[in-house]
Amino acid sequence: MKNINLLGATGSIGVQTIDIIRNHPEEFKLTAVSGGRNIDGIRAILKEFKPELVSVLNREDAERLKSEFQDVTILSGNEGLIETAVYHKGDVVVNAVMGSVGLIPTMKAMEAGKSIALANKETLVTAGHIVMAASKKYETPILPVDSEHSAIFQALQGEQSKNIERLIITASGGSFRDKTRSELTNVTVEDALNHPNWSMGSKITIDSATMMNKGLEVIEAHWLFDLPYEQIDVLLHQESIIHSMVEFHDSSVIAQLGTPDMRVPIQYALTYPDRLPLIEAKRLSLADAATLHFKKMDFDRFPCLQYAYEAGKTGGTMPTVLNAANEAAVGLFLERKIPFLTIESLIEQAMERHKPIENPGLETIQEVDQDTRKYIESLY
Ligand SMILES: NC(=O)C1=CN([C@@H]2O[C@H](COP(=O)(O)OP(=O)(O)OC[C@H]3O[C@@H](n4cnc5c(N)ncnc54)[C@H](OP(=O)(O)O)[C@@H]3O)[C@@H](O)[C@H]2O)C=CC1
Ligand SMILES: CC(=O)[C@@H](O)[C@H](O)COP(=O)(O)O
Ligand SMILES: [Mn+2]
């Protein structure tokens, strides 16, 4: 039995994690959960799974829940998120919150000796050097949940990293994969949220449409698999059936395939190195899929991917700026304050104005993150 502390339980990854726990009650128990503003979602989890500790974003919501569930510890805010992560009965922390708010809970969970199933890629983008060093220091594994990184992790089982030629991360192209840049001028939030293959939270769906999701994933892969950016490539693959690949020096390529279903990588992170049946999985039939498409990445069409490679290669605090500017700009787009193409120009502007600081500590990263958000928000 594995006890799970789940951060971001009310989101897309959180709900799918709960589905896995529901389907395997003999394997997993939900010990602590956090949510944000979706209090009905938290109520339903409390009733069905009876976790011992719960945290939500706002204090008023926590007070209301306390009067309804008197035998549960109910907390709020960033402190509550950290308490959820380190709750003493949890063995594994599934980090499925959105954004760099996931960084400190991940660090605290590792210090407390928990294994991490990491969906929250922003944690590795903003502070990969610190997170990976902590994983080594506290001997707490970080198991990838992101589908591409799970695919690479699966392809690397039994392999030696010295034999890797390159990683090939696949990209669907997102909601606007068939549009030219000039056709992007007037796209709406609704258009951007309409991902062709995956149903995900709104921020990552916009990241997918700008190709920043792939940029964040390149940086995530750099840290998880300890490879230079020159050995990490991105390939357009519109069907999202090949979730990523590893090419070895002998020219062999190992890929992981499957229908697009995030429960597969979530469950693998929870059962590794074992596997469990996936209830109601849609199995892959390549005969029915018939044709898979591949296309070289076009960095002029998708400049955000270029910015991410530049930020990753520059290192220091530049990936923090990339990530914070992106979070702030996507927030403005979702609030309908800026057009779609302004997301990328704001990121470029934020990176141009920043003088990177080498080997930053957590405090510096948090300062740069806040400063970047303030800068972007001050423009509107
Ligand atoms: N969705 C997917 O298929 C994939 C997601 N990922 C990554 O996983 C992470 C989660 O994505 P996804 O599930 O789509 O996101 P969602 O927006 O669907 O869910 C985010 C979760 O985090 C909570 N949350 C948001 N802001 C805060 C905050 N400030 N403090 C505490 N909790 C907060 C939300 O609470 P509430 O809703 O209650 O307000 C919700 O539970 C992201 O990093 C994403 O990039 C990676 C691969 C695939
Ligand atoms: C499911 C998942 O892991 C997402 O990160 C997915 O990769 C988004 O798809 P694209 O970014 O390739 O459009
Ligand atoms: Mn992904």
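Look up: the structure comes first, before these words.
Residues numbered from 1 in each chain as written. Chains lettered and ligands numbered in written order. Predicted model: local features only at pLDDT ≥ 70, side-chain atom pairs only at ≥ 80, totals over all residues.

## As for the overall build of the protein
Move 1: Tallying secondary structure elements over the protein gives 16 helices and 12 strands in all.
Move 2: On C-alpha atoms alone, the protein measures out to a radius of gyration of 20 Å, which is about the 21 Å that the 2.2 N^0.38 rule sets for 380 residues.
Move 3: With the principal axes as the frame, the protein shows a C-alpha extent of 55 × 50 × 40 Å.
Move 4: When each of the 380 residues of the protein is scored for burial, the buried share is 46%.
Move 5: The contacts of the protein with a sequence gap of at least 6 include a subset with a gap of at least 24, amounting to 70%. (Helix = DSSP H or I, 4+ residues; strand = E, 2+ residues; numbered from the N terminus. Rg over C-alpha atoms; globule rule 2.2 N^0.38 Å. Buried ≥ 20, exposed ≤ 12 C-beta atoms within 10 Å, placed from the backbone. Contact = placed C-beta atoms within 7 Å.)

## Some remarks on the sheet that holds strand β12 (residues 295-296)
Move 1: Spatial ordering of the open sheet is given by β11-β10-β8-β9-β12, a layout of 5 strands whose pairing is mixed. Lying at the two open borders of the sheet, with one neighbouring strand each, are β11 (253-257) and β12.
Move 2: Bridge count for strand β8 (residues 164-171) against strand β9 (residues 232-236) is 5 bridges, and the pairing is parallel. For T170, the partnering residue across the bridge sits in β9 and is L235.
Move 3: Against the sheet, helix α7 (residues 147-155) makes contact with β8, β10 (242-248) and β11, and its axis sits at roughly 40 degrees relative to β10, the strand it touches most.
Move 4: Strand contacts of helix α10 (residues 212-225): β8 and β9, with the helix running at about 150 degrees to β8, the strand carrying the most contacts. (Pairing = 2+ DSSP bridges. Axes fitted to C-alpha atoms, helices over the stretch in contact; angles between N-to-C directions.)

## Here's the deal with the site of ligand 2
Move 1: Inspection of the region around ligand 2 gives D146, S147, E148, A171, S172, G174, W198, I204, S208, N213, K214 and M262 as its neighbouring residues.
Move 2: Taken together, the residues that form the shell around ligand 2 break down as 4 nonpolar, 5 polar and 3 charged. (Near = placed C-beta within 6 Å. Nonpolar A, V, L, I, M, F, W, Y, C, P; charged D, E, K, R; others polar.)

## A word on unusual backbone geometry
Move 1: The omega torsion across Y272 and P273 is 5 degrees, close enough to zero to call that bond cis.
Move 2: Residue placement: P273 occurs in the loop between α11 (263-271) and α12 (286-289).
Move 3: The phi dihedral of D226 is positive, around 55 degrees, even though this residue is not glycine.
Move 4: Secondary-structure assignment places D226 in the loop between α10 and β9.
Move 5: Taking the C-beta count within 10 Å as the criterion, D226 has 10 such neighbours and is therefore assigned exposed.
Move 6: One non-glycine residue, S251, adopts positive backbone phi at about 85 degrees.

## As for the site of ligand 1
Move 1: The local shell around ligand 1 holds 30 residues, among which G11, G36, N38, M200 and G201 are the closest.
Move 2: Looking at the shell around ligand 1, the elements with two or more residues in it are α1 (12-23), α6 (121-137) and α9 (202-210).
Move 3: Broken down by element, the shell around ligand 1 gets its largest block of residues, 3 residues, from α1.
Move 4: For the shell around ligand 1, a count of residues per class yields 13 nonpolar, 12 polar and 5 charged.
Move 5: For the shell around ligand 1, the two domains that each supply at least three residues are domain 1 (2-144) and domain 2 (149-259 + 282-299). (Domains from an automatic or database assignment.)

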